[in-house]
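Examining the three-dimensional arrangement
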Amino acid sequence: MIEIKNVSKTFKSKEAHVDALKNVTLTIDKGDIFGIIGYSGAGKSTLLRCINGLEVPTSGEVLLLGQDITQLKEKELRHIRKKIGMIFQHFNLMHSKTVFENIAYPLKSQKLGKSTIVNRVKDLLRLVDLEDKVNSYPSQLSGGQKQRVAIARALATNPEILLCDEATSALDPQTTQSILALLKKINKELGITIVLITHQMEVIKEICNKIAVMEHGCVLEVGQLIDVYTQPQSQITQDFLAKDMHFERLSLPHEGEIAKMLHLKYIGGSTGSPLISALSQHFKVTANITFGNIEKLQDILVGNLVIDLHGSEEEVQKALDYIRQHIEVEVIDDERIITRTSA
Amino acid sequence: MMNALLQELVPNVIEYFPEMIKALNETFVTVGISGLIASLIGIPLGLILLITSPKHILENKVVYSILSKVINVFRSIPFVILIAAIVPFTRFVVGTTIGVKGALVPLIVGVTPFIARQVEVALQKVDKGVLEAAKAMGSSPLEIIFKVIIPEGLPNIVHAVTISLISLIGFSAMAGSVGGGGLGNFAIQYGYQYFKTDIMVVTVILLLIIVTLVQSIGDYISRKLTH
């Protein structure tokens, strides 16, 4: 549905020469909720704008609905933009217009009768659950309500694709949840392909089925959420994932012993054996649990357990080999470990 | 009783009352007409400045820098000197350099660049994100100008025109003092040259009231347009 091929974008000014995108290639399929994550300045915002031609790539192709949009004239581009909705971090509603007028705005340039427009706006307001705010002005709405109006406006022209530019970054966690639920519903019920960019891993985990991780204008890894989540390849992906993980060392090993911090990953339910108790039974090690959680990604349960293994070097190694036979494990041995021992 | 008190306090104002009303009327006419024409030229110029400015919807370096420089030149000329400097132009356009007609041309030339710059600054306050959203919805530059920038910036435009009208009142008094009629002329001729202090004081109070009124009306409209 959307094919981004070898896209590069360079911003040139007198002072600087910034490569915002470097040879980016991505394929987004129909029906995807495709999440692009990265820190600010990673180039994700520029990439998103290349999809609807708000930014024109310096080189490369963007194939969309069968056309290379980098080759289109301004007028053709405007036409295709009507089939791509877009929502923003700061909602970008018109303050001089009511909720009704804001949603009707994209319909005005299409030759529709007045009653058609009124009915369409009503339907959209029902979809986003804001029927009672039809005559309100944006200044009278909360952040979540503004984003709902923006979503209704973006969907007014029946687009096939919805681009979300940090759409939940200005919202509190609860409102974020409700907006994400709405996006999910739109994707499911209307079959609209969603591309979203964010710096919040929670957003991706909540609704995306595919994910791309960006840094310095490059896509570092891309794939199904569950794969990237359980087998992160790049350092930055691990950083994003570890944000809600705690690698805290609460006590130091005794003399002659070593400590190893392990991140155990349970994917798709139980592992079939009580691993932790087996460790202390079979090996001369102690396992301190420092963190644990269970998450649901695309209806697959993923459990995380962080343990700090103490014991002699030999025993710890044996225990590690034992764990490896049963489940996915990552040895944490870098600056992610926070040591908090009471001296 | 009231008459006696006025006669005591402002004898000359009573004596020259018909002249004062005539001057007041002239001020309204000059400010009204020149304000209207200057707005009709200045607001579109301000809009052009905005949209041709760097990174805006119709960025155009040549148009922007030429327009910007011309406006700066006119704005840097003191108004009294502008009146004198454009005498041939004034005579060419309206056939005279005195009276209400003669004042109109320099007033329009003087205040139009002011309005243009004020409008540009006013419209810069329109959120760029909203313009991007309109662009993302497939709006053409013309649609963005008329359906987004102008409605969104209207309260700010009213504000800019209000400020411009107030300086126009000041300019008109200055034009009046060099033969343009109106309150400025009245104050200089009767109040200053004939040493009738009460006329000077009353004229100043009148100008103060007019300025306050314009400001309040402008603020009111701007507030009404803000949602």
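Residues numbered from 1 in each chain as written. Chains lettered and ligands numbered in written order. Predicted model: local features only at pLDDT ≥ 70, side-chain atom pairs only at ≥ 80, totals over all residues.

- As annotated in an unreviewed UniProt entry, chain A carries the name Methionine ABC transporter ATP-binding protein and comes from Zhenhengia yiwuensis.

**Here we look at the pairing of strand E2 (residues 17-28) of chain A**
Residue and element names in this part refer to chain A.
- The pairing of strand E1 (residues 2-12) with E2 spans eight bridges and is antiparallel. When the sheet's bridge partners are listed, valine 7 is paired in E2 with valine 24.
- A loop of four residues connects E1 with E2, the two strands running antiparallel in sequence. (Pairing = 2+ DSSP bridges. Helix = DSSP H or I, 4+ residues; strand = E, 2+ residues; numbered from the N terminus.)

**With respect to the UniProt feature "domain: ABC transporter" (unreviewed entry) in chain A**
- The positions UniProt marks with the feature "domain: ABC transporter" (unreviewed entry) are residues 2-241 of chain A.
- Secondary structure within residues 2-241 of chain A divides into 38% helix and 27% strand; the distance between the first and last C-alpha atoms comes to 27 Å. (UniProt positions renumbered as here; feature names shortened; annotations may be inferred.)

**Digging into the environment of valine 100 of chain B**
Residue and element names in this part refer to chain B.
- Examined against the element boundaries, valine 100 turns out to sit in helix H7 (residues 99-124).
- Judged by the 22 C-beta atoms lying within 10 Å of it, valine 100 falls in the buried class.
- Between the alpha carbons of valine 100 and glycine 181 there is a distance of 6.0 Å; along the sequence they are 81 residues apart.
- The residues contacting valine 100, other than those within four sequence positions of it, are Glu26, Val29, Thr30 and Gly181. (Buried ≥ 20, exposed ≤ 12 C-beta atoms within 10 Å, placed from the backbone. Contact = placed C-beta atoms within 7 Å.)

**As for the interface of chain A and chain B**
- Taken residue by residue, the interface counts 17 residues in chain A and 16 residues in chain B.
- The leading source of residues in the side of chain A that touches chain B is helix H2 (residues 74-81) of chain A, at three residues.
- Of the residues contributing to the side of chain A that touches chain B, the split by class is six nonpolar, eight polar and three charged. (Nonpolar A, V, L, I, M, F, W, Y, C, P; charged D, E, K, R; others polar.)

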